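Analysis of the macromolecular model
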Amino acid sequence: MKKILYFLSIALTLVGATSCDKEFLNVQPLDRFADQAVWNDPILIQDYINNIYVGIGHGFAGSLQFALSDECMWPGYEKHCKSNIGPTDISGFGGNFDPSCQNAYKNIRACNQFFEKIETSANIDKATKDKMRGEVFFMRAYVYSKLVSFYGGVPIIKNVYGLNDDFLAPRNSFEECINRIVSDCDSAASLVNPSDKGRPTKGAALALKSRILLYAASDLYNSNGSWAGDFAHPELISYIGGDRTVRWQKAKDAAKDVIDLGIYSLYKGEPVLGENIAKNYGDIFTLKETTEDIFVRFISPDLGSWWGQNNPGLLSQPNGWHCWGAGNPYNSLVDNYEMADGTKFSWTNPVQAADPYENREPRFYASILYDGAVWKPRPLDLIARDSIGIVQASGVEKWDAKTSKIITIWGMDTRRGGVEDWNGGYTSYYIRKGMDPKFDAQFFRQDAPWRYIRYTEVLLNYAEACIGLVKEDEAKIYINKIRKRAGLPDITETGQDLVDRYRNERRLELVFEEHRFFDVRRWMIASQTYQNAEGLRIIHKLNADKITTTPAFTKINVQTRTWNDRFYFLPIGLDEMNKNSNLIQNPLY
Amino acid sequence: MKKDQFLPYAIRKCGLLKLLFIIKFTLLFLVISVGQVFASDTYSQIKKSSLDLKKTSIEEVLTKIEDNTQTNAQQITVKGNITDANSGEPLVGVNIVVEGTEIGAISDLSGQYSIQVPDQNSVLVFSYIGYLSTKVSVSGRSEIDITLLLDVEGLDEVVVVGYGTKSKATLTGSVAVVKGDDLIRSQSINVSNSIAGKLSGVISVTRSGEPGSDGSVLRVRGENTLNNNDALIVVDGVPGRSLDRIDPNSIETISVLKDASAAIYGSQAANGVILITTKRGKTGKPQIIVNANQGFSQPTRTPNLLNAADYATSINEVEEYAKRTPRYSDDDIQKFKDGSDPWGHPNTDWFSSTYKSWSKQSMFNMNLSGGSETFRYFVSMGTKYQDAYYKNSATNYNQYDFRSNLDADINKYISVGFDVSGRMEDRNYPTRSSGDILWMLVRGKPTEPAYWPDGKAGPDIEFGNNPVVISTSQTGYNRNKGYSLNSNFKLNIKVPWIKGLTMAGNAAIDKNFNFSKTFIKPWYLYQWDKLTYDVNNIPVLTKAKRGVDQASLNESMADNQNLLLYGLISYEKTIAENHHLSVMAGSESRVAKGDYFSAYRGYFESTVLEQLDAGGITGITNGGNAYNQPRLHYFGRLNYNFKDKYLAEFVWRVDGSYIFPEDNRFGFFPGVSLGWRMSEEKFWKDKISFIQGFKLRASYGQTGNDRIEEWRYLTSYAFGDRNSSFITNINQENKILYENGIPNPNVTWEVANQGDIGFDALLLKNKLSITFDYFDYRRSNILWNRNLSVPLTTGLVLPPENIGKVANRGFDFEVSYKDNAGDFKYEVSVTGGLAKNKILFWDEVPGRPDYQTSTGHPMPTDPNYPDNNLFYQVTGVYKDSAQVANSFHWAGARPGDLIFKDVNKDSIIDGNDRVRSYKNDLPTLQGGLSFRFQYKQFDLSILFHGSAGAERHISVLGGDFGNYLQSDFDDRWTTANPGASKPRTSNRNTEYWRSFDNTYFLYKTDFIRLKNLEFGYSLNPAICSKMGLQGFRAYVSGTNLLTFSPLKDFDPEDNAGSMNGGSGMNYIVPKIVNFGLSVTF
């Protein structure tokens, strides 16, 4: 009997050993936090807020947004620049440049969720909560400001949606969106109190408000949608009626608020004689900090998940430095840089045409790499061919004694130079602004921050608002501050001439900083700027002595562009339209 | 007595798993020690003891057994003649063993044998490959002639099913079986590559041939779910072990549970279960088998690319279309053609510069098996080596493995099994991936040198990537060492007091360690500016550091553990002779745990010390994580059969998985199957006797799939990728925490409803066997996200919800015919299967036209990106500008472009003109045709593998950054050839018809290939025995020797999906020729 029990015990144990315990399956994740753990811990909440920053992207992420305007060309945006983007292929809007509102609304959700959860967070004092609130107000305002700039009025989302909610949100009017952004900026300005330099300050909140109010006062948003044919909902893309002067005044006041803070100044805004003004200007974009930074995104050279991410050097420097040469400045952009004395450059001036890169204004040298510009020493494999590091964006004719023929030797930075030449530029120009020569970009990422907002923009915003209010003298004071820093004489124009001069100043000063795409739209000058992209072909022709050469410049068409008014705003994707019956498509799509 | 107290305590308090684990092991050792007491001095109980166990105590049993083992030693010689039952031909080399002893003999050339038997009641076992084993009692005779029957599958075969075996005759489920001996014929280092065409209903596709990562994708009856479609792999009863890396010589059988019979594996069985059973020792004298083979491999297909002259012509066309001056002069093109200027005008074939003609691979295995009545062993050791295609290859795979499967009968009631197997997988790769290398080979411009004429490496294509260099160890190395140790401890108890009652327990611990080390150092390439010559007029090359500036090292270590415990009770009883009943029930717990960490340092000052400590100070990083995955299972099986004619089986499983919230944690999975052996009926035997066997089978069941993302029921937040970290205060990196999607508190299993009806038939005196199954599967509760129908403005990342439904129907079959004509034996078999799935419901973008919707059609290639299956419809090539002008065309279209069809006739070519392709990259129809011939000492086996129904989008982008396909070049549009069938030359993806996926670049990947061919010669057994051998066979074999496919430039099984970015390219599938020997001692 004892043995029967014995065997029975074995049997039961064999079966029983593996069962019985419900707790057995109650394991906790080892790679993530539960809800409560996060929302009662100020450090984890801060981490959560940090993720919103990641979601808003930045200009060094690799999007080449400036190639969507008349600053640069890039073959990847051929279709866009022909205004051929439509609701069925908005997803083709490429790369890291994501106006597709997917990330934007994820961020808005994250902000809204923060506001909801922070209410009930225990163990966190009010000061900390307010500080965080301010930060999130700013982020939300920033995301909406981008969305509105791309799409016009967009749905303003207040809910933190759950699984079974009604998801169909209609678009809010342009005016409602602007009001929302302004109110978030105001809230942010009153609450933020950052201890870290990469976080929004009161100045950042006010500067963002200045930007969006300036946009709101611009032509496009005060056109009542007159360009849009019989579009039934102009309130989505413009103010309807109202007093535009009030809008200019608000824009002016907002910029003034930033100026009056008194904490920002133009970096080396008062150059003394002999100072290297071009270097001063260039440094604004490669230094870690300057006196005019308002809101920046710091970057670590060690971080980045793909080659081009956070790597403007690799993306845009010439192929003769083993880089990709993406985003080639337009001929017309280069032509718009003034001579050092403030006069206009002209190809019809024989002296200037013979040597177009001589005696130009300092910002040209800091912004553009041109044929013959001294850049930095070539990589080791190419140093034998060029020990100084002079941009070779041209062909050079040589006399070949053996065959008694002229041969053309193409520079290393052309598309025929034998060094990764499929990456060569098309216009004979490359971007210099923002490129830090300290770093060998084929191997290393540079570490300069992306500047979302700098003080110069605020001054320009102020000047533009003044022009809008016909306070031309006041406008010129601020424009001339910027020109002074650039080593240029004051401007004196009035009326439309002043407007044009201002616009050119803004174009050149803020070039490659992701402003032009929006500026040409809100000024409604896009039809003039979406013209075929021109570059130069430069050949150093052999002179009769068969030794010396003379450069010959030929304008060439490098990209066909056309403007269609619908491209003032991006189309809403067809799929989104189908998902949400309350959405209204932008005009002319 | 201490022990007795301990056990009930354990039963009462089965709380913490850790405790249970200790109990389990204590128990097992306990039983062994007790067992040894039982078993002392009782060897070789040859005589069957006939004891009425119910009435005797253990002591009495022991005494009786002792008595019965007293043997009377009368040696007798038995002789006889062995012939084939059908042909009457003598059978040579038949193995004769005296049952229960190690005494054996082999029949000679004339089929005669002679053997000494210990007593007149001895039983002789005659076994011969391909024939049914026969047992004969000597019964005092001295001459016994014997005829052996051909073994046609299905007579006395035992099939491994979940938690047990079944006789094939009474099997009711749909189970495909392949024997280890058949697998070995493929001579593949990776077992998953040996399965193609051998198992009906199993679809196999080899996506990559890279040594060490060349596993085939295996799909049992196609794909049924939008999520993970992997079958459950169970090796010797333990899930989660590797099918790929097991030594093929140690496999006894592979069975695939295709239908509801898989329900015994419950929550992970929905995609079928592949059961691998390893070999075990058989009673008999020790046998040593040595297998060695040496193989040579090369890619099945490499793309046919342009030579330098044609490439230059193409580039000139690109320039012409862009209104630029031609890049190459006629003189240049002539020099490319005639090779007169190897420095300035090379004509490089990148593939032949980088690949050697044949790469070596080898396998060696030695195993020892045998045993006495009470102790049996199978011990095996093996090594495998695989080189890559590259010259000076940094890539190779080394494997060392061993296995020891031991069985011991402690006494009549208790037996134990102790299995240990271990494996070292040593993978070596260069620091650039095989995808990068292949991408560079395809891209490599023929006008650039791989090597300069003086032998120095030429310049890179980009990032330092010159394939002749990055395929070697000049860039550093990427080593990956995997160690796995699997152990099984089994205990089987026949309960002496209740006949038919047995209990079994099993504890398995599997440990896997992985250590990976990637050391990347700068490498050096040579540039020539095409201008500079030295005094001897030899070009001057510049050496340059490429790739990285300073070395870096990344190391990682993973430690994974899988612990499985199960216990089961089974009971068998025959009631009133005709009612056979068997019941089995058990429980199982499984815990998978693991830890991982990694460490990185860059900025090495020197490349001499390749250790972390030698790295730079800045940018040091590390990382780590862990997981813990418990599962709990209860299962059972009930079999009933009446007169072996009417068969019924019910299997069930209750599964608990940590993946799901507490309330939805347990699922119930039943399966029922019925069989009717009609051929056993009198009417059949009377009327349809030409069909010797016929069994009708039907089954229906529910299984589950829990292989989805974890923790979706929790609101949770995870740290984001450090690479996108936010940085404040200039250099201060910040952590980022993101909401891990919103939770779905109701998340539960996917449910597979599986119906199957089929038959097994034996005809023509058992020579022809046919198995056929039709199946109808419905997967419901598929976890799928509603993201496509929810507006982006919600900002929601929706969790998977149990909303998806997919149907999958098809059939599979196996027909084999086996016969011999004199010395010529042959066997022909065909296996095949068709599986077509259809999405019944899932989340789709609303408002799409019918021709773009996917519901009601097969699953897209990647369900996460359903729009990848939308293609513009190409109707031809624009001849001239008049044709362009007269059509609704893409903005900017010009002559030579592909014509996109205005499908919706709205006069605009846009995204609405894309049409869904209902094919995906997984074949729907696959089959194998195999022949086996044997003539005297020669044998030949041939296997064709065919596949149809899949397609792939392949667009190889050429241009100023890389080469073109010859097939895109021939008959391309030019102004001189306006009637061309192919579009004009383009540059990268700048043309709309290159950047927007269209049907022109959609290829069928159907193929028929000569998967295996093996020709062998076995030495005559008589000669063997003179040499002291039991067997000797030499063979030559080939894999993928011939391929017939409409896809010419790539292997049809390859993964070369997106040739337009490098990603997705893989290592080309190999063609292998093997020479081997198998010697049995």
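These notes cover the structure that comes with them. Keep in mind that this is a model prediction, so the values were computed, not measured.

Some words on the packing of aromatic side chains
Note on aromatic pairs: each is described by the distance of the centres and the angle between the planes. Using the criterion set out here, one finds 98 aromatic pairs over all chains in the structure. Here the aromatic rings of F296 of chain B and F1075 of chain B are separated by 6.2 Å at their centres, their planes lie at 65°, and the arrangement is edge-to-face. Of the two residues, F296 of chain B is situated in strand β17 (residues 284-299) and F1075 of chain B in strand β50 (residues 1070-1080); the sequence distance between them amounts to 779 residues. Judged by relative accessible area, which is 43%, F1075 of chain B ranks as partly exposed. On the numbers, 6.0 Å between centres and 50° between planes, the contact of Y355 of chain B with Y390 of chain B is tilted. Of this pair, Y355 of chain B sits in the loop between α7 (350-354) and β18 (359-371) while Y390 of chain B sits in the loop between β19 (375-387) and β20 (396-409), and the two are 35 residues apart along the sequence. When sorted by exposure, Y355 of chain B lands in the same class as Y390 of chain B, which is buried. Geometry around Y533 of chain B places K402 of chain A over its ring, the cationic atom sitting 5.8 Å from the centre.

Digging into the interface of chain A and chain B
In this assembly, 100 residues from chain A lie in contact with 133 residues from chain B. Both faces combined, the contact of chain A with chain B buries some 10,200 Å², and carbon together with sulfur accounts for 63% of it. On the surface where chain A and chain B come into contact, there are six salt bridges. With a closest N to O distance of 3.1 Å, D421 of chain A and K445 of chain B form a salt bridge. Across the chain A-chain B interface, the total number found is 32 residue pairs in polar contact (both at pLDDT 80 or more). If you list the elements that add at least two residues to the side of chain A that touches chain B, you get α1 (2-16), β1 (33-34), α2 (35-39), α3 (42-55), α5 (102-120) and α20 (574-579) of chain A.

Quick notes on the pattern of salt bridges
All names here are of chain A. Counting across every chain of the model gives 109 salt bridges over all chains. For R501, the salt bridge is made with E493, and the minimal N-O distance between the two is 2.7 Å. Relative accessible area serves as the criterion here: at 22%, E493 is assigned to the partly exposed category.

A closer look at the side chain of N319 of chain A
Residue and element names in this part refer to chain A. Mapped onto the secondary structure, N319 falls in the loop between α11 (312-316) and β4 (328-329). A polar atom in the side chain of N319 sits 3.3 Å from the backbone oxygen of M412. At a separation of 3.3 Å, a polar atom in the side chain of N319 contacts the side chain of Y430. Contacts of N319, omitting those with residues within four sequence positions, involve M412, D413, T414, V419, E420, D421, N423, G424 and Y430.

Comments concerning the packing of helix α8 (residues 202-217) of chain A against helix α15 (residues 455-468) of chain A
Residue and element names in this part refer to chain A. Axis separation between α8 and α15 bottoms out at 10 Å; the angle between their running directions is 35°. As α8 runs across α15, the sense of the crossing is left-handed. Of the residues in α15, those in contact with A207, S210, R211 and L214 of α8 are E457, V458, N461, E464 and A465. Classifying every residue of the contact of α8 with α15 gives four nonpolar, two polar and three charged.

Considerations on the sheet that holds strand β13 (residues 232-235) of chain B
Residues and elements named next belong to chain B. Here five strands make up an open sheet; going across it, the order is β10-β15-β16-β13-β14 and the pairing mixed. What marks the edges here is a single partner per strand, and that holds for β10 (175-179) and β14 (238-239). Of the pairings in the sheet, the one linking β13 to β14 comprises two bridges and is antiparallel in character. Among the inter-strand pairings, V234 is bridged to a residue of β14, identified as P239.

Regarding the sheet that holds strand β7 (residues 405-410) of chain A
Strand pairing in a sheet is mediated by backbone hydrogen bonds. Such pairs are either parallel or antiparallel. All names here are of chain A. Sheet architecture is open: four strands sit in the order β7-β6-β10-β11, paired in mixed fashion. If you trace the sheet from one side to the other, it starts and ends with β7 and β11 (549-559), each paired once. The sheet shows a mean angle of 25° between the axes of neighbouring strands, taken without regard to direction. Of the pairings in the sheet, the one linking strand β10 (residues 533-542) to β11 comprises ten bridges and is antiparallel in character. Within β11, the residue paired with G535 across the bridge is I556.

Thoughts on a nonpolar patch on the surface
Residues and elements named next belong to chain B. A surface patch of nonpolar side chains, amounting to about 610 Å² of accessible area, comprises V583, L638, F650, F668, V672, L674 and Y700. For the nonpolar patch, the element with the highest residue contribution is strand β30 (residues 666-677), accounting for three residues. Tracing the sequence through the fold places F668 in strand β30. Owing to a relative accessible area of 46%, F668 belongs among the partly exposed residues under this scheme.

Focus on the pairing of strand β21 (residues 414-429) of chain B
Residue and element names in this part refer to chain B. The buried count for β21 comes to 13 of 16 residues, which makes it a mostly enclosed element. As paired strands, β20 and β21 are joined by 14 bridges and run antiparallel to one another. Following the sheet pairing, N398 is matched in β21 by D426. Taken together, β20 and the strand that follows it, β21, pair antiparallel across an intervening segment of four residues.

Examining the environment of Y1035 of chain B
All names here are of chain B. When you line up the elements, Y1035 lands in strand β49 (residues 1031-1044). Here the alpha-carbon distance between Y1035 and S1018, two residues 17 residues apart in the chain, equals 8.5 Å. Ignoring any residue separated from it by four or fewer positions in sequence, one finds Y1035 in contact with Q187, A292, N293, E1014, F1015, G1016, N1074, F1075, G1076 and L1077. Of note is the side chain of Y1035, whose polar atom sits 3.4 Å from the side chain of N293.

With respect to the packing of helix α9 (residues 244-261) of chain A against α15 of chain A
Residues and elements named next belong to chain A. α15 packs onto α9 with a crossing angle of 150° between their chain directions and a minimal axis gap of 8 Å. Of the possible angle classes, the one that applies to α9 and α15 is roughly antiparallel. Taken as a pair, α9 and α15 cross one another with a handedness that is left-handed. Note on element contacts: α15 touches α9 through Y455, V458, L459, N461, Y462, E464, A465, C466 and G468, opposite W248, A251, K252, A255, K256, V258 and I259. The class makeup of the residues in the contact of α9 with α15 is eleven nonpolar, two polar and three charged.

Some remarks on the nonpolar core
Most often, soluble globular proteins have nonpolar side chains that are buried together. One finds F114, F138, Y144, L147, I178 and I294 of chain A to be the most contacted residues of the largest nonpolar core, which totals 167 residues. If you tally residues by element for this core, the top one is helix α6 (residues 126-151) of chain A, at 13 residues. L441, V442, W523 and I1068 of chain B belong to the second-largest nonpolar core, a separate cluster that totals 32 residues.

Considerations on the environment of R894 of chain B
Residue and element names in this part refer to chain B. Among the secondary structure elements, R894 is positioned in the loop between α11 (881-885) and β42 (898-900). When the C-alpha atoms of R894 and V884 are compared, they prove to be 6.3 Å apart, with ten residues separating the residues in sequence. At 3.1 Å, the side chain of R894 forms a polar contact with the backbone oxygen of Y321.

Description of unusual backbone geometry
Residues and elements named next belong to chain B. The backbone of N392 sits at a positive phi, close to 50°, despite the residue not being glycine. With respect to the secondary-structure elements, N392 resides in the loop between β19 and β20. Positive phi, normally seen in glycine, also occurs at E577, with a value near 65°. Structurally, E577 can be placed in the loop between β26 (551-575) and β27 (579-604). Looking at E577, the relative accessible area reads 69%, which means it is exposed.

Scoring rules and cut-offs
- Residues numbered from 1 in each chain as written.
- Chains lettered and ligands numbered in written order.
- Predicted model: local features only at pLDDT ≥ 70, side-chain atom pairs only at ≥ 80, totals over all residues.
- Heavy atoms only, no water.
- Phe/Tyr/Trp six-rings, centres within 6.5 Å; stacked < 30°, edge-to-face > 60°.
- Helix = DSSP H or I, 4+ residues; strand = E, 2+ residues; numbered from the N terminus.
- Buried < 20%, exposed > 50% of the residue type's maximum accessible area, 1.4 Å probe, protein only.
- Lys NZ or Arg CZ within 6 Å of the ring centre and 35° of its normal.
- Contact = heavy atoms within 4.5 Å.
- Buried area = accessible area lost by both parts, 1.4 Å probe.
- Salt bridge = Lys/Arg side-chain N within 4 Å of Asp/Glu carboxyl O.
- Polar contact = N/O pair within 3.5 Å; in protein donor to acceptor, adjacent residues only side chain to side chain.
- Axes fitted to C-alpha atoms, helices over the stretch in contact; angles between N-to-C directions.
- Left-handed = near helix turned anticlockwise from the far one by under 90°.
- Nonpolar A, V, L, I, M, F, W, Y, C, P; charged D, E, K, R; others polar.
- Pairing = 2+ DSSP bridges.
- Patch = residues over 30% accessible without salt bridge, like charges linked within 9 Å, V, L, I, M, F, W, Y side chains within 5 Å.
- Areas by Shrake-Rupley, 256 points an atom, 1.4 Å probe, with all protein chains shown as cover.
- Parallel < 35°, antiparallel > 145°, perpendicular 65-115°, else oblique.
- Core = buried A, V, L, I, M, F, W, Y, C linked by side-chain atoms within 4.5 Å.

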